[in-house]
Amino acid sequence: MDLLALADFNLVARHGGFGRAARAAGRPKATLSRRVAELEATLDLRLFERGARALKLTQEGRALYERTGALLTELDETAAAIASGGNRPRGSLRISAPLLFSQTAMGKLAAAFALRYPEVRLEITTEDRAVDMVEEAYDLVIRVNPDPDESLVGRIFLRDRLVVVASPDLERPTDNVVAPAVVRGAGDRTKAWDVTGPVGRSRIAVDPVLRLSSLVMVRDAVRAGVGAGCLPVSLVSHDIAAGTLVHWGDVDGPEIRLWTLYPSRRLLSARVSAFLDFLKEAFPMGTPDELAAYLGT
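What comes next is a walk through the structure. (Residues numbered from 1 in each chain as written. Predicted model: local features only at pLDDT ≥ 70, side-chain atom pairs only at ≥ 80, totals over all residues. Heavy atoms only, no water.)

As for the overall build of the protein chain
Each helix and strand in the protein chain was counted, giving 9 helices and 13 strands. The proportion of buried residues among the 297 residues of the protein chain is 40%. Partitioning the contacts of the protein chain with sequence separation of at least 6, the portion at a separation of at least 24 is 75%. Split by element, the accessible area of the protein chain, about 16100 Å² in all, is 53% carbon and sulfur. In the protein chain, which carries 38 positive and 38 negative side-chain charges, the distance between the mean positions of the two groups comes to 5 Å. (Helix = DSSP H or I, 4+ residues; strand = E, 2+ residues; numbered from the N terminus. Buried < 20%, exposed > 50% of the residue type's maximum accessible area, 1.4 Å probe, protein only. Contact = heavy atoms within 4.5 Å. Areas by Shrake-Rupley, 256 points an atom, 1.4 Å probe, with all protein chains shown as cover. Lys, Arg positive; Asp, Glu negative; His and termini not counted. Charge placed at Lys NZ, Arg CZ, Asp CG, Glu CD.)

Take a look at the structure:
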């Protein structure tokens, strides 16, 4: 199999079209089209469905792209490492991170990483959805309690837990009294929070009086006294310590786990390894207190 033709096929698949791939690589569109056609002829397979306006991978094309993309990346990175005389992190590093972690910590982390590794071109996008790492060309994703995925490997680098907090001006409700609450998202239909506090387990009945799209907004509204909120302890621990928010209890349920995920492959790129080590350095124990301290500095 012609490796050059295979590399051109991956280039077109990654960018979703001959025109975009040609512009990104500075190559003639006709050359890329010819190379892909030659590869299809060699394999006796149609790799792309060519529509009037769109180019789509066939089932065989997608399988070839998913199995060869990582291998070609490894070859490029190995050649670059040898040429540079070492395994120094360099090149583009695309990361997808969840909204809250991006809003509170990722800006400072990204800046410090960029200063340490100036040859890495870091690009971070913020989204809570499950992205397709191969299709969307991400090198690393950070996710909260992700579903198992056999195509990815990863590690937990931070843990957090949910707590119910409120302004000191808002009295904690007694039995059969409903507390006003600030919740995240229009789809949250929470009626009660089960919590564990100094006096044991209890249930706090709530009435969502305000719905907001981010937890940072929820925290700010809770600070203003609109209602109680269910929030990660790392986001409000400084408020609890300062007395600007009162801790009503820890929410019963699974802990929050932040994972770093990347494609399962034998050789991990130097830039991904460097970022994983950087996260470990920033959060050596991976505790909520470490994250709270990082957010507070």
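Points about a negative patch on the surface
A contiguous patch of negative charge, built from E66, D132, D147 and D149, is present on the exposed surface. Inspection of the secondary structure puts D149 in the loop between β5 (140-144) and β6 (152-160). (Patch = residues over 30% accessible without salt bridge, like charges linked within 9 Å, V, L, I, M, F, W, Y side chains within 5 Å. Salt bridge = Lys/Arg side-chain N within 4 Å of Asp/Glu carboxyl O.)

Some remarks on the packing of aromatic side chains
Following the criterion strictly, the structure yields 8 aromatic pairs and no others. Between F9 and F48, the aromatic rings sit 5.5 Å apart at their centres with planes inclined by 55 degrees, giving tilted as the arrangement. With F9 in helix α1 (residues 3-15) and F48 in strand β1 (residues 48-50), the pair connects residues that are 39 residues apart, well separated along the chain. For F9, a relative accessible area of 0% puts it in the buried group. (Phe/Tyr/Trp six-rings, centres within 6.5 Å; stacked < 30°, edge-to-face > 60°.)

Some remarks on the nonpolar core
The tendency in soluble globular proteins is for nonpolar side chains to be buried as a group. Ranked by internal contacts, the top residues of the largest apolar core, which has 25 residues, are F101, L109, F157, F275 and F283. Among the secondary structure elements, those contributing two or more residues to this core are β3 (91-97), α5 (99-116), β5, β6, β13 (256-263), α8 (270-282) and α9 (288-296). Residue contributions to this core peak at 6 residues, all from α8. Once you skip the residues sitting within four places of it in the chain, F157 turns out to touch F101, I142, L258, W259, T260, L279, F283 and G286. Ranked by size, the runner-up nonpolar core spans 18 residues in total, among them L11, V36, L39 and L72. (Core = buried A, V, L, I, M, F, W, Y, C linked by side-chain atoms within 4.5 Å.)

Regarding the packing of helix α6 (residues 215-223) against helix α7 (residues 233-242)
Where α6 meets α7, the axes come as close as 11 Å, and the angle between the chain directions of the two elements is 20 degrees. As summarised for this structure, α6 and α7 are arranged roughly parallel, according to the angle between their axes. Judged by the twist between their axes, the crossing of α6 over α7 is right-handed. Along the contact surface, α6 presents L215, V216, R219 and R223, while α7 presents L235, V236 and D239. Taken together, the residues of the contact of α6 with α7 break down into 4 nonpolar, no polar and 3 charged. (Axes fitted to C-alpha atoms, helices over the stretch in contact; angles between N-to-C directions. Parallel < 35°, antiparallel > 145°, perpendicular 65-115°, else oblique. Left-handed = near helix turned anticlockwise from the far one by under 90°. Nonpolar A, V, L, I, M, F, W, Y, C, P; charged D, E, K, R; others polar.)

What about the sheet that holds strand β10 (residues 200-212)?
Spatially, the 6 strands close up into a barrel ordered β7-β11-β8-β10-β9-β12, and their pairing is mixed. Direction aside, the axes of adjacent strands within the sheet are offset by 50 degrees on average. Two strands pair when backbone bridges link them, and strand β7 (residues 162-166) and strand β12 (residues 246-251) are joined in this way by 4 bridges, in the antiparallel orientation. If you follow V165 over to β12, its bridge partner there is H247. (Pairing = 2+ DSSP bridges.)

Quick look at α5
Compared with the 26 Å implied by 1.5 Å per residue over 18 residues, the 24 Å span of α5 between its first and last C-alpha is a close match. The sharpest bend along α5 reaches about 60 degrees and sits at A105. Within the sequence span of α5, burial applies to F101, S102, A105, M106, L109, A110 and F113. (Expected span 1.5 Å × (residues − 1). Bend = angle between axes of the 7 residues up to and from the residue.)

A short note on unusual backbone geometry
Phi at D44 takes a positive value of approximately 60 degrees, unusual for a residue other than glycine. Mapped onto the secondary structure, D44 falls in the loop between α3 (29-43) and β1. A residue is classified by how much of its surface remains accessible, and D44, at 67% relative accessible area, is exposed.

Description of the pairing of β10
Taken together, the 6 bridges between strand β8 (residues 179-184) and β10 define a ladder with parallel strand orientation. Residue pairing for β10: R184 is matched across the bridge by L212. Relative to β10, strand β9 (residues 192-197) runs antiparallel, the two sharing 6 bridges. Note on β10: the bridge partner recorded for T196 is R201. Once β9 ends, the chain turns through 2 residues before running back antiparallel as β10.

Observations concerning the packing of helix α2 (residues 18-25) against α3
Where α2 meets α3, the axes come as close as 9 Å, and the angle between the chain directions of the two elements is 120 degrees. Considering their axes alone, α2 and α3 lie oblique with respect to each other. Seen along the crossing, α2 lies across α3 with a hand that is right-handed. Judged by residue contacts, F18, G19, A21 and A22 of α2 engage K29, L32, S33 and V36 from α3. Here the residues of the contact of α2 with α3 are counted per class, giving 5 nonpolar, 2 polar and 1 charged.

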